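One-letter residues, chain by chain:
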Amino acid sequence: MIGRPLVRLESVGSTQDITFELAERGAAEGTTVLARYQQTGRGRAGRKWESVPGDALMFSIVLRPSFSINRLGLLSLLAGDAIAGALNELYTFTPAVKWPNDVLVDGEKVSGVLTQTRIRGTAPVIAVLGIGINVNSDQKNLPSGASSVRSILGHHVDPEPLFRTVLTGLEQRYRNLQVGDVSGWLERIDQHLWLKGEDVTLHDAERLRSGRLLGVDDTGALHLQTEEGPVRIVSGELVRGPRKGAS
Ligand code: BTN
């Protein structure tokens, strides 16, 4: 059950490390570590995730997926959809999911997801799902392009209902994923996918690719219609608009 047991900590390096260690030592699926402050919080692609103590919800969850590694990309999207659903339910926001791992409100990042895995053969043995949500962050402490629930609403909010609603949403969606029934939330993601139908560029380690964003498939991969035809993409950084030098 996601969120049980729940370990609440004041200050940690990164909840990802603590949760991974617990998982390696046999912690049950669903074990969740929540911290008020992270000294070395991290995001995707080696970026930092920084927050003033108590301003953000920062937590990591032990998962033991039973599906094959080619569907691991769905975990970040699943989390994005659960976070977007909770923000809509509690505050009537209409968030967009930015492939592969962000939740945006009015084009600004309110939440990010980091999934780290240990794989044996073709099966993921451990996946640690890390979630950061800017809840009460002051706009002046956020990087450009980011926002918080408080900034949008104009007042402080109790993070606890948001935390609980996200956990419930994750539990439902993860159960669906474990039994291979993802069509419901994948369709919703597709409807709320940031820049769907628009011209975008994908940066990955090797190249830039520009094209029309078509959607995501049932493995979590992104599809682009490029000048050379349809392309399936499993990792990279998405930006609006075409770029010079992209193919
Ligand atoms: C991203 O935006 O690239 C992902 C950000 C993920 C941040 C969360 S906060 C809880 C967990 N612990 C970390 O060090 N990172 C994730």
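Below: a short report on this structure. What you are looking at is a predicted structure, and each value in this text was computed from that prediction instead of being measured.

## What about the site of the ligand?
Reasoning step 1: For the ligand, the set of nearby residues contains 21 residues, the closest of which are Ser 14, Gln 38, Arg 42, Arg 44 and Lys 109.
Reasoning step 2: Between a nitrogen atom of the ligand and a side-chain N or O atom of Thr 15, the distance comes to 3.0 Å.
Reasoning step 3: The contact in question runs from an oxygen atom of the ligand to an N or O atom on the backbone of Arg 44, over 2.7 Å.
Reasoning step 4: Bound to the protein, the ligand loses 99% of the 410 Å² it would expose on its own.
Reasoning step 5: More than half of the atoms belonging to the ligand lie within 2 Å of the grid points that define the largest pocket.
Reasoning step 6: Looking at the shell around the ligand, the elements with two or more residues in it are α1 (15–24), β3 (56–63), β6 (108–120) and β7 (123–134).
Reasoning step 7: Residue contributions to the shell around the ligand peak at four residues, all from β6.
Reasoning step 8: Among the residues forming the shell around the ligand, the class breakdown is six nonpolar, eleven polar and four charged.

## So, the pairing of strand β11 (residues 229–233)
Reasoning step 1: Here five bridges tie strand β10 (residues 222–226) to β11, and the two strands are oriented antiparallel to one another. Paired with Leu 224 across the strands is Val 231, a residue of β11.
Reasoning step 2: Counting the residues in the hairpin turn of β10 and β11 gives two residues.

## Comments concerning the packing of aromatic side chains
Reasoning step 1: Applying the stated criterion across every chain yields a total of two aromatic pairs.
Reasoning step 2: Their ring planes at 75 degrees and their centres at 4.9 Å tell us that Phe 59 and Phe 163 sit as a pair that is edge-to-face. Note that Phe 59 is positioned in strand β3 and Phe 163 in helix α4 (residues 159–178), a separation of 104 residues in sequence.
Reasoning step 3: A relative accessible area of 0% means that Phe 59 is categorised as buried.
Reasoning step 4: Using a relative accessible area of 0% as the deciding quantity, one classes Phe 163 as buried.
Reasoning step 5: Both rings, one in Tyr 91 and one in Phe 93, keep their centres 5.4 Å apart while their planes meet at 40 degrees; by these two values the pair is tilted.
Reasoning step 6: According to the relative accessible area criterion, Tyr 91 is buried, its value standing at 13%.

## Observations concerning the nonpolar core
Reasoning step 1: Core analysis: the biggest nonpolar cluster contains 58 residues, and Phe 59, Leu 87, Leu 162 and Leu 170 have the highest contact counts within it.
Reasoning step 2: At eleven residues, the largest contribution of residues to this core is made by helix α2 (residues 73–91).
Reasoning step 3: Counting six residues, the second-largest nonpolar core is a separate cluster that includes Ala 27, Val 62, Ile 126 and Val 128.

## Observations concerning the layout of surface pockets
Reasoning step 1: What the largest pocket holds in volume is close to 640 Å³.
Reasoning step 2: Looking at the lining of the largest pocket, the elements with two or more residues in it are α1, β3, β5 (102–105), β6 and β7.
Reasoning step 3: Per-element tally for the lining of the largest pocket: the top contributor is β6, with five residues.
Reasoning step 4: Grouping the amino acids of the lining of the largest pocket by side-chain chemistry returns ten nonpolar, 16 polar and ten charged.
Reasoning step 5: In this structure, the second largest pocket occupies an estimated 450 Å³ of space.
Reasoning step 6: In terms of lining residues, the second largest pocket is bounded by 25 residues, among which Arg 44, Gly 73, Pro 100, Val 234 and Ser 235 are the most central.
Reasoning step 7: In the lining of the second largest pocket, the residues fall into ten nonpolar, eleven polar and four charged.

Conventions adopted
Residues numbered from 1 in each chain as written. Predicted model: local features only at pLDDT ≥ 70, side-chain atom pairs only at ≥ 80, totals over all residues. Heavy atoms only, no water. Near = heavy atom within 4 Å. Polar contact = N/O pair within 3.5 Å; in protein donor to acceptor, adjacent residues only side chain to side chain. Areas by Shrake-Rupley, 256 points an atom, 1.4 Å probe, with all protein chains shown as cover. 1 Å grid on protein atoms, 1.4 Å probe; cavity = no way out; pocket = protein on both sides within 12 Å on 5 of 7 lines; lining within 4 Å. Sits in = over half its atoms within 2 Å of the grid points. Helix = DSSP H or I, 4+ residues; strand = E, 2+ residues; numbered from the N terminus. Nonpolar A, V, L, I, M, F, W, Y, C, P; charged D, E, K, R; others polar. Pairing = 2+ DSSP bridges. Phe/Tyr/Trp six-rings, centres within 6.5 Å; stacked < 30°, edge-to-face > 60°. Buried < 20%, exposed > 50% of the residue type's maximum accessible area, 1.4 Å probe, protein only. Core = buried A, V, L, I, M, F, W, Y, C linked by side-chain atoms within 4.5 Å. Points joined across faces, edges and corners; volume = space filled by probe spheres on them.

It is worth stressing that arrangement in space is one thing and function is another; only the former is reported here.
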